[in-house]
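What follows is the residue order along each chain.
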2 protein chains.
Amino acid sequence: MDTPRTVRDEDFLRLDHQICFSLHAATRAFNSVYRTALKDLGLTYPQYLVMLVLWEHGELPVKRIGEHLRLDSGTLSPLLKRLEAAGYVERRRSAEDERSVTARPTPAGTELRERALGVPRRIAAATGMRLEEVRELRARLNELTTALDAAESAAYPDGCATEDDTAGG
Amino acid sequence: MDTPRTVRDEDFLRLDHQICFSLHAATRAFNSVYRTALKDLGLTYPQYLVMLVLWEHGELPVKRIGEHLRLDSGTLSPLLKRLEAAGYVERRRSAEDERSVTARPTPAGTELRERALGVPRRIAAATGMRLEEVRELRARLNELTTALDAAESAAYPDGCATEDDTAGG
DNA sequence: GGCGATTTAGTTGTGCACAACTTAATTGTG
DNA sequence: CACAATTAAGTTGTGCACAACTAAATCGCC
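Residues numbered from 1 in each chain as written. Chains lettered and ligands numbered in written order. Predicted model: local features only at pLDDT ≥ 70, side-chain atom pairs only at ≥ 80, totals over all residues. Heavy atoms only, no water.

## Considerations on the protein's contact with DNA strand D
For step 1, the next point in the chain: Around DNA strand D, the structure places 27 residues, and the nearest of them are Arg82(A), His24(B), Lys63(B), Ser73(B) and Arg91(B).
For step 2, the next point in the chain: A distance of 3.3 Å is found between a phosphate oxygen of DNA strand D and a side-chain nitrogen or oxygen belonging to Ser100(B).
For step 3, the next point in the chain: With respect to DNA strand D, the backbone of Val101(B) contributes an N or O atom lying 3.4 Å from a phosphate oxygen.
For step 4, the next point in the chain: Within the residue set of the surface near DNA strand D, elements represented by two or more residues are α2 (45-57) and α4 (73-85) of chain A together with α1 (9-38), α3 (62-69) and α4 (73-85) of chain B.
For step 5, the next point in the chain: In terms of residue class, the surface near DNA strand D is made up of six nonpolar, nine polar and twelve charged. (Near = heavy atom within 4 Å. Polar contact = N/O pair within 3.5 Å; in protein donor to acceptor, adjacent residues only side chain to side chain. Helix = DSSP H or I, 4+ residues; strand = E, 2+ residues; numbered from the N terminus. Nonpolar A, V, L, I, M, F, W, Y, C, P; charged D, E, K, R; others polar.)

What follows is the structure in structure tokens.
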């Protein structure tokens, strides 16, 4: 059976407007709450994400940070420079591989973690959701991201055969 | 009872990393899929959202567009100028209120709608989700956005007393 | 060893999001 | 009517996201 045609394109246009827009809106609402919560720390939300990664892993090459956060050097390089200018991270060329640059928290950056400990609870309170719900939603979003990535890379068939592995729902 | 302390701040930091990051990642994955789907039309995703609104409502003041999309003039003014430069919308001062500027699709902008009809289906296919699931997720995200907005405006008590109404959950 | 391909950061340019501000028109109140 | 307050767009500046590109180091293969 090829796609049950219960929905017309016209209606789809409106639905579409709502689903993806909801995601967009939620992200921006989150950013707004984070902006407020992080103002005292002098961090933006993406900078906070980078610091979370560095607090957890210690010293990391830019490449690895990018893998954790799905960001490339075009985004991370200037961001890390700003974090360095703020005194929160140190950057240096790796000795064993001169292509690589590693970043790690400075003492000030490490101290910052203490002040950041209260942030997640504030955010959690702002969502009004219980842990269960948060987990549930997170799982859904991760599935969604995986599906979208698969579809996107299928649209750009650069290497691997796609062998409809998107079915894993 | 004041917040059951089953979770330590430390653990919360990690959870937090995951929930909000998931949202962030999903949004960007969506944007990426849209970028591909909209490339032929010469639209970015936010431009597409604006066109959706204009296709649905016809002529609208910038203010109204912003209300539909939660965007302010700082974002919309340059965006609408680009859409105007692309020949998809017309802008003009309102006659009855000279403060207001209205935007509406040009003939080319209206034609564009036909070419955009296939987009939502492509996106829906990329998500790999059924309509039910989409609706469910959308509802969750809308709840989340509402909660976040409420918490945010409570943090900036500009008018209404806050009277701990955030407890609803 | 030499040399092309790959990998890693970084740069440049475009566009979005938003805070803070400016300008101009309208509204409300005395 | 006059004038302060409000409202609507637009401008400016900062930062993020990403495509496309450059520069330098490393790897692989002959």
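## Here we look at empty space enclosed by the protein
For step 1, the next point in the chain: The full count for this structure, using the stated rule, is one cavity of 30 Å³ or more.
For step 2, the next point in the chain: Estimated volume of the largest cavity: approximately 40 Å³.
For step 3, the next point in the chain: Glu136(A), Leu137(A), Arg140(A), Glu136(B), Leu137(B) and Arg140(B) are the residues that line the largest cavity.
For step 4, the next point in the chain: Of all elements in the fold, only α7 (131-155) of chain A together with α7 (131-155) of chain B reach the threshold of two or more residues within the lining of the largest cavity.
For step 5, the next point in the chain: When its residues are assigned to classes, the lining of the largest cavity shows two nonpolar, no polar and four charged. (1 Å grid on protein atoms, 1.4 Å probe; cavity = no way out; pocket = protein on both sides within 12 Å on 5 of 7 lines; lining within 4 Å. Points joined across faces, edges and corners; volume = space filled by probe spheres on them.)

## Here's the deal with the side chain of Arg138(A)
For step 1, the next point in the chain: Of note, Arg138(A) is situated in helix α7.
For step 2, the next point in the chain: It is Glu136(A) that comes nearest to the buried, bridge-free Arg138(A) among opposite-charge side chains, at 10 Å.
For step 3, the next point in the chain: When near neighbours in sequence (up to four residues on either side) are disregarded, Arg138(A) contacts Leu15(B), Gln18(B), Ile19(B) and Ser22(B). (Buried < 20%, exposed > 50% of the residue type's maximum accessible area, 1.4 Å probe, protein only. Lys, Arg positive; Asp, Glu negative; His and termini not counted. Salt bridge = Lys/Arg side-chain N within 4 Å of Asp/Glu carboxyl O. Contact = heavy atoms within 4.5 Å.)

## Notes on the protein's contact with DNA strand C
For step 1, the next point in the chain: The environment of DNA strand C is made up of 28 residues, and the closest members are His24(A), Lys63(A), Ser73(A), Arg91(A) and Arg82(B).
For step 2, the next point in the chain: The sugar and phosphate moieties of DNA strand C supply 79% of its atoms located within 4 Å of the protein.
For step 3, the next point in the chain: The side chain of Lys63(A) places a nitrogen or oxygen atom 2.6 Å from a phosphate oxygen of DNA strand C.
For step 4, the next point in the chain: The backbone of Glu98(B) places a nitrogen or oxygen atom 3.3 Å from a phosphate oxygen of DNA strand C.
For step 5, the next point in the chain: Mapped by element, the contributors of at least two residues to the surface near DNA strand C are α1 (9-38), α3 (62-69), α4 and β2 (89-93) of chain A together with α2 (45-57) and α4 of chain B.
For step 6, the next point in the chain: Taken together, the residues of the surface near DNA strand C sort by class into six nonpolar, nine polar and 13 charged.

## A closer look at the packing of aromatic side chains
For step 1, the next point in the chain: Evaluation of the coordinates by the stated rule reveals eight aromatic pairs over all chains.
For step 2, the next point in the chain: Ring geometry for Tyr34(A) and Tyr45(A): centres 4.4 Å apart, planes at 35°, overall tilted. In this pair, Tyr34(A) sits in helix α1 while Tyr45(A) sits in helix α2, placing the two residues eleven residues apart along the sequence.
For step 3, the next point in the chain: You can call Tyr34(A) buried: its relative accessible area is 0%.
For step 4, the next point in the chain: Aromatic pair Tyr34(B) and Tyr48(B): ring centres 5.6 Å apart, planes at 40°, arrangement tilted. In this pair, Tyr34(B) is assigned in helix α1 and Tyr48(B) in helix α2, connecting sequence segments 14 residues apart. With respect to class, Tyr34(B) is no different from Tyr48(B); both count as buried.
For step 5, the next point in the chain: Through successive ring pairs, a cluster of aromatic residues spans Phe30(A), Tyr34(A), Tyr45(A) and Tyr48(A). (Phe/Tyr/Trp six-rings, centres within 6.5 Å; stacked < 30°, edge-to-face > 60°.)

## What to know about the interface of chain B and chain A
For step 1, the next point in the chain: On the chain A side, the residues contacting the 66 residues of chain B number 67 residues.
For step 2, the next point in the chain: Taking both sides of the interface into account, the surface hidden between chain B and chain A amounts to around 6900 Å²; carbon and sulfur atoms contribute 65%.
For step 3, the next point in the chain: Here chain B is connected to chain A by 13 residue pairs in polar contact (both at pLDDT 80 or more).
For step 4, the next point in the chain: No other element matches α1(B), which puts 25 residues into the side of chain B that touches chain A. (Buried area = accessible area lost by both parts, 1.4 Å probe.)

## Quick look at the relation of the copies chain B and chain A
For step 1, the next point in the chain: With an axial shift of 0.0 Å and an RMSD of 0.0 Å, the rotation relating chain B to chain A amounts to 180°. Between the two chains, the operation in question is that of a two-fold axis.
For step 2, the next point in the chain: With an isologous cut-off of 70% or more, the 98% of interface residues of chain B that recur at the interface of chain A puts this contact in the isologous class. (Least-squares fit on C-alpha atoms with pLDDT ≥ 70 in both.)

## Observations regarding the pattern of salt bridges
Residue and element names in this part refer to chain B.
For step 1, the next point in the chain: According to the stated counting rule, one finds 16 salt bridges over all chains in the structure shown.
For step 2, the next point in the chain: Arginine 64 serves as the salt-bridge partner of glutamate 67, at 3.1 Å between the closest nitrogen and oxygen. Taken together, the positions of glutamate 67 and arginine 64, both in helix α3 and three residues apart, correspond to about one turn of that helix.

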